[in-house]
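# Summary of the model geometry
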Amino acid sequence: MSVSPELLILDCDGVLIDSEIISAQMLVAELAQLGVEIDLAYVARHFLGRSYPTVMATIRADFGLDLPPEFETGYREALLAAFRRDLRIMPGVAGMLDKLAAPVCVATSSSPRRVETSLRLVGLWDRLGAVTFTASEVAQGKPAPDLFLHAAARMGVAPAACLVIEDSLTGLRAANAAGMEVWRFIGGSHMGSDTPEEPEDARPARRFDDFSRFFDMVPELRRPQ
């Protein structure tokens, strides 16, 4: 950025917490019980960074199946049980937050209950709960810019002064549409150095895979020792 960011906006799943691979595996297993056979690549292509209503609409369009009302409840309960067993904070996140000089908030497509449970499990809720914004608070979730614009407005910062960290193409598109600089984090278990280049409308300003090196890229955001 030409000037130091005034606000750091973090996605949650796949950025703060290494959750996307758990969510994808659980969704594949739960849908298989209804006779819907998809793989992890399908989940990454269609669902990464999107809300549950998008999952329902996509399954309806691709498989001609309306997910029963109890599916969402069952899936969410199974997912939270898996989170309690396996969820981990993304390496380097806690240290980055400890040293961060700028205000920070979270903007996520997760439901309020899921994001609170997730952040409590990894010890981040007390630090970030008051500045966590979800898609339930806006008319349109990602890839529309609404959630990022809402977060910036609530934090009192102009969109052009925000730096967003995202992992999904959906989130990258939303941040670009909001007029914010966005970096893509590719250090989650669901991604890697072989992650394909992004399409033009989802192009990040840069990629990185390790939060322990975050301040090498933006030293001005490090709190003075």
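The structure under discussion appears in the preceding block.
What you are looking at is a predicted structure, and each value in this text was computed from that prediction instead of being measured.

What counts and how
- Positions within a chain are numbered from 1, following the residues in the order the chain's sequence is written.
- Only residues with pLDDT of at least 70 get local features here, since the model is predicted, and only at 80 or more are side-chain atom pairs given and counted; chain-wide, interface and lining totals rely on the full set of residues.
- Only hydrogens and water are set aside when side-chain values are computed; all heavy atoms of the structure are taken into account.
- Secondary structure elements follow DSSP: runs of H or I of four or more residues count as helices, runs of E of two or more count as strands, with numbering from the N terminus.
- Between the first and last residue of a helix there are one fewer steps than residues, each counted as 1.5 Å, and that sum is the expected span.
- Note on classification: 1.4 Å probe, protein chains only; a residue is buried when its accessible area is under 20% of the maximum for its type, exposed when over 50%, partly exposed between these limits.
- We call two residues contacting when some pair of their heavy atoms lies within 4.5 Å.
- Salt bridges are counted wherever a side-chain nitrogen of Lys or Arg sits within 4 Å of a carboxyl oxygen of Asp or Glu.
- Think of it this way: DSSP has to see at least two bridges between two strands before they count as a pair.

## A look at helix 1 (residues 20-32)
Helix length check: helix 1 (13 residues) gives 18 Å between terminal C-alpha atoms against 18 Å at 1.5 Å per residue, within 8%. When we look at burial in helix 1, the residues that qualify are Glu-20, Ile-22, Ser-23, Ala-24, Met-26, Leu-27, Val-28, Glu-30 and Leu-31. Its buried side turned inward, helix 1 meets helix 2 (40-46), helix 3 (52-63), helix 4 (69-86) and helix 6 (112-121).

## Some words on the pattern of salt bridges
The tally for this structure, following the rule as stated, stands at 17 salt bridges. Here Glu-72 makes a salt bridge to Arg-76, at a shortest N to O gap of 2.8 Å. Residue Glu-72 and its partner Arg-76 are both found in helix 4; the two are separated by four residues, about one turn of the helix. Given the relative accessible area of 22%, Arg-76 is considered partly exposed. Within the structure, one salt-bridge network assembled from shared partners comprises Asp-11, Lys-142 and Glu-166.

## Observations concerning the pairing of strand 2 (residues 104-108)
The buried fraction of strand 2 amounts to five of the five residues, a majority that puts the element mostly inside the structure. Across the two faces of strand 2 the burial is the same, with Val-104, Val-106 and Thr-108 and Cys-105 and Ala-107 all buried. Sheet topology places strand 1 (residues 7-10) next to strand 2; three bridges connect them, and they run parallel. Bridge assignment links Ile-9 to a residue of strand 2, and that residue is Cys-105. Sheet topology note: the strand 2/strand 3 (residues 132-134) ladder contains three bridges and is parallel. Residue pairing for strand 3: Ala-107 is matched across the bridge by Phe-133.

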